[in-house]
Amino acid sequence: MGLADNTSAAAYAVGAWGEPGAASGLGNLGVLLELDGRPVETGSTAAILGHPLRALAAAARLAGSLEAGTVILAGAATAAVPLLPGAHVRASVTGLGAVQFTATTAPTITEEDA
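Here the structure is a predicted model, which is why all the values come from computation and not from measurement. Every chain's residues receive numbers from 1 upward, in the order its sequence appears when written. Given that this is a predicted model, residues contribute local features only at a pLDDT of at least 70 and side-chain atom pairs are listed and counted only at 80 or more, while totals for whole chains, interfaces and linings are drawn from all residues. Calculation of side-chain values draws on the structure's entire complement of heavy atoms; hydrogens and water are dropped beforehand.

What follows concerns the pairing of strand β3 (residues 38-44). As paired elements, strand β2 (residues 30-35) and β3 share six bridges and run antiparallel to each other. Within β3, the residue paired with Leu 35 across the bridge is Arg 38. Connecting the antiparallel pair β2 and β3 is a turn made up of two residues, with Asp 36 showing a positive phi of about 50°. Strand pairing follows a simple DSSP-based rule, namely that at least 2 bridges must link the two strands. Where helices and strands are cited, they refer to DSSP runs of H or I of at least four residues and of E of at least two residues respectively, numbered from the N terminus.

Below, the structure is given as structure tokens:
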């Protein structure tokens, strides 16, 4: 199950699981977004409602309960960037790790989406 509010994501990628350590330490981690090996955006997890755990608390409150394994898109730590087919994307968060993928197709926008 996934849960997101007002997301600009057409899709998302999940990296390998790792224990984040003390949750209080998640509040100001550096975030780097790269396209084709070039840095295009930097940010901080503090951009996510001041601390990502605030987004988690809001999601739990709105959902009523969260099952183990629920994916929650807490918010953006960087601005969104346009992707073209073939672009290699890598996002890394200091102390947590990185996830990467290659965009394979352009999104299709229907009249319903507009």
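Moving on from the coordinates now.
Bridge analysis of β2 against strand β5 (residues 88-93) gives five bridges, and the strand direction is antiparallel. Within the sheet, the bridge partner assigned to Val 31 lies in β5 and is Val 93. The pairing of β5 with strand β6 (residues 97-102) spans six bridges and is antiparallel. Following the sheet pairing, Val 93 is matched in β6 by Gly 97. Connecting the antiparallel pair β5 and β6 is a turn made up of three residues, with Gly 95 showing a positive phi of about 85°.

What follows covers the environment of Trp 17. Relative to the helices and strands, Trp 17 resides in the loop between β1 (2-4) and β2. In this structure the C-alpha to C-alpha distance between Trp 17 and Gly 97, which are 80 residues apart in sequence, comes to 9.2 Å.

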